[in-house]
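Below are the chains, spelled out letter by letter.
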Amino acid sequence: MITERQTDSNAMWGGRFSEGPTAIMREINASIPFDKRLWQQDIAGSKAHLKMLVSRNIVTAEDGQKILEGLNQIAAEYAEKGVPEDWSLEDIHMVTEKRLADLIGAAAGRLHTARSRNDQVATDFKLWVRDAIDMVDKGLTALQMALVNRAEEHAATVMPGFTHLQIAQPITLGHHLMAYYEMITRDRSRFYDARKRLNQCPLGAAALAGTGFGIDRHQTAEALGFDAPTANSLDSVSDRDFALDYLMSATQTAIHLSRLAEEIIIWASQPYGFVSLPDAYSTGSSIMPQKRNPDAAELVRGHSGRIAGCMNALVMTMKGLPLAYSKDMQDDKPPVFEAHDLLSLALAAMTGMIETLTFIPEKMRKTAEAGFSTATDLADWLVRQAGIPFREAHHITGSAVRLAETQGVALDALSIDDLNAIDPRINESVKAVLSVDASVASRRSYGGTAPDQVRLRIKDAKQALGLH
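The structure displayed is predicted, hence computed values, not measured ones.

S.K.: Tell me what's going on with the UniProt feature "domain: Argininosuccinate lyase C-terminal" (unreviewed entry) in the protein chain, and back it up with residues and numbers.
M.R.: Within this numbering scheme, the UniProt entry marks residues 372–441 as carrying the feature "domain: Argininosuccinate lyase C-terminal" (unreviewed entry). Secondary structure content for residues 372–441 is 61% helix and 0% strand, while the C-alpha to C-alpha distance between its ends is 17 Å.

S.K.: I'd like a description of the packing of aromatic side chains, backed by residues and values.
M.R.: Under the definition given, this model contains 8 aromatic pairs. Judged by centre distance (6.1 Å) and plane angle (55°), the ring pair of phenylalanine 162 and tyrosine 272 falls under tilted. Of the two residues, phenylalanine 162 sits in strand E1 (residues 158–163) while tyrosine 272 sits in the loop between helix H11 (241–268) and strand E5 (275–276), which places them 110 residues apart along the sequence. Judged by its relative accessible area of 25%, phenylalanine 162 falls in the partly exposed class. Against the face of phenylalanine 226 rests arginine 130, its NZ or CZ located 4.9 Å from the ring centre.

S.K.: Can you explain the pattern of salt bridges? Please cite residues and give values.
M.R.: Evaluation of the coordinates by the stated rule reveals 26 salt bridges. Measuring nitrogen to oxygen at the nearest pair gives 2.6 Å for the salt bridge that ties aspartate 452 to arginine 444. Residue aspartate 452 is classed as partly exposed on the basis of its relative accessible area, which comes to 30%. Salt bridges sharing partners connect three or more residues here, namely Glu90, Asp91, Arg117 and Lys327.

S.K.: Please give an account of unusual backbone geometry that cites residues and values.
M.R.: Negative phi characterises most residues that are not glycine, and trans characterises most peptide bonds. The step from leucine 323 to alanine 324 runs through a cis peptide bond, and the omega angle for that step is 5°. Structurally, the position occupied by alanine 324 is in the loop between helix H12 (295–318) and helix H13 (333–356). Non-glycine residue alanine 114 carries a positive phi angle of around 65°. Take alanine 114: it is sitting in the loop between helix H6 (92–104) and helix H7 (117–153). On the basis of relative accessible area, alanine 114 is assigned to the buried category, the value being 8%.

S.K.: How would you explain the domain arrangement of the protein chain if you had to name every residue and give the values?
M.R.: Here the domain parsing of the protein chain yields domain 1 (23–113), domain 2 (125–148 + 159–366) and domain 3 (370–465). A separation of 39 Å is found between the C-alpha centroids of domain 2 and domain 3. Listed by partner, the interface residues are 17 residues for domain 2 and 21 residues for domain 3. For the pair domain 2 and domain 3, the two sides together bury roughly 1500 Å², of which 63% comes from carbon and sulfur. Taken together, the links from domain 2 to domain 3 amount to 1 salt bridge.

S.K.: Give a description of the nonpolar core that names residues and reports values.
M.R.: Counting residues in hydrophobic clusters, the biggest one holds 71 residues, and the most contacted among them are Val129, Tyr246, Val336, Leu343, Met350 and Ile354. Of all the secondary-structure elements, those providing two or more residues to this core are H7, helix H8 (173–198), H11, H12, H13 and helix H19 (451–465). The element contributing the most residues to this core is H11, with 14 residues. Two domains share this core, each providing at least three of its residues, namely domain 2 (125–148 + 159–366) and domain 3 (370–465). In contact with isoleucine 354, not counting residues within four places along its chain, are Leu143, Ala146, Leu147, Arg150, Leu260 and Ile264. With 20 residues, the next largest nonpolar core counts Ala400, Val401, Leu419 and Leu434 among its residues.

Thresholds applied
- Residues numbered from 1 in each chain as written.
- Predicted model: local features only at pLDDT ≥ 70, side-chain atom pairs only at ≥ 80, totals over all residues.
- Heavy atoms only, no water.
- UniProt positions renumbered as here; feature names shortened; annotations may be inferred.
- Helix = DSSP H or I, 4+ residues; strand = E, 2+ residues; numbered from the N terminus.
- Phe/Tyr/Trp six-rings, centres within 6.5 Å; stacked < 30°, edge-to-face > 60°.
- Buried < 20%, exposed > 50% of the residue type's maximum accessible area, 1.4 Å probe, protein only.
- Lys NZ or Arg CZ within 6 Å of the ring centre and 35° of its normal.
- Salt bridge = Lys/Arg side-chain N within 4 Å of Asp/Glu carboxyl O.
- Domains from an automatic or database assignment.
- Contact = heavy atoms within 4.5 Å.
- Buried area = accessible area lost by both parts, 1.4 Å probe.
- Core = buried A, V, L, I, M, F, W, Y, C linked by side-chain atoms within 4.5 Å.

Now the structure itself:
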C-alpha cells in the first residue's frame, strides 16, 4: 500500500526519479561519469595483476591470454569511442569487467581473483595522480623557462619595488621575475615530494585484509613503476594522502600564479602602465571601445580560489573516516580532477602571458624615480661615509624626503646646499648613490637586485633547467 508520505516524496523527486528510491540510489552510487577518466590506469593495473596471476599459476596461461586480448580490445574501444556510461554498473572497474565478459565469456571472472575494487581504485587513482604530477611539472618548467628568458632580457631594467603597494626601493624587472622563478621552484619540489611519497602500490591489499592467494605484490608494484608495495593492507585501501598532497601542492602553486596574475592586472592598469597586454590574453568591452581587459590574468586569479576549494573539499571528506574504505571516498576524485584541469589551464595561460607581455621600461623607471625610492640609499650613505648610527641616519633622510616633497623634486635633484642645511656632514659624493641606477647597482649582496647578481641567478637557473 502506497502511503501519502511516499506519494509526496515521489512528487518531490519529480519526473527524473520516476522509479523512486531505486533511481536515486543508482545516481548517487554511480561514479562512472567521472571515474571513467581512470580507464587507462585501470587497464594498466589489470594487465599487471593478470601477468602476476599467470606467473603464480593462479590463472592459466590460456585464460590469461584471452583476458589480455580482451583488455587490449577494450582499451582500443575506449580510445576510439570513449567509455560507455552504464550507471547500473557503477564504476569504471565494473564497466570494464562487464565488457570483458561480453568479449571472452566466463574467463573474464578470473581477473578479479585476489583483488578488490578497494585496492583497484586506490591503485588506479595513484597512477593517475602520478601522471598528473608529471604533467604539472612540465607546465611548471615551461613557466620557469619563460620567466628566466624575460628576466635575462630585463636584468638591468629599473622598476619600483613595493611594500604595502607603496614605492619602497628601486629594483630590476629581472630580479622581480626571478622571484617568481624561486616560488615555482618550491612548487616543483612539493610536487616532487608528493610523487615520491605516493609511489607505493596498493594492488593486492584486496578489500582491507590482504588475500589468501599466493600473489607476488612486489611483481605488480614493479610492473606499474612503483618503488614497492604498500606495507599495510588497511592503510592501502583507506589512504588518500596522495590526493591531498596533490591538492595542497596545487593550491600553493595556484596562490603563486594568482599573485603574479594580480601584479600583471595592476601593471596593465592605466595608473601604472608597466605592461601592455597581448591581444591573445585580453578582451575588449562590449560598451567601452578603449578597454583592454586582463581577463586571462583575472581568471588565473579566480581559479586559485576554486583550486583551494577543491583541496578543502577533500580535507573535509577525509577528516572523520574510520578504517578502512567508506563510500564517502568515492568523492575523492572530482576535486582532484577539477583542480588538475584548472591548474593546467592556469599554467598554460600564465606561461603564454609571460612570453608575450610587452614591458614598458620607461614608465617603470619614471615611477621608480618619482617615489623617493632611493631614500634608503641616502641613509646607508650616512652610515657608511659619516659614521652615523642608522636610526639617526633614518631621521635625517626623512627630513630630506620632506624637503624634496615640498620642492616637488626627486631626492637626487636636491642641491648640496639643501642637504647641508639638513645635516652638514652630507657632501657632494652623496650624489653618486641617489640615482635609481646607482641604487640597484649597489645591491650586490647574494640574491640582491644588482644586475650582475640577477644575471648570476639567471645563469644558475638556466643550468638547473638544462638551458645552455
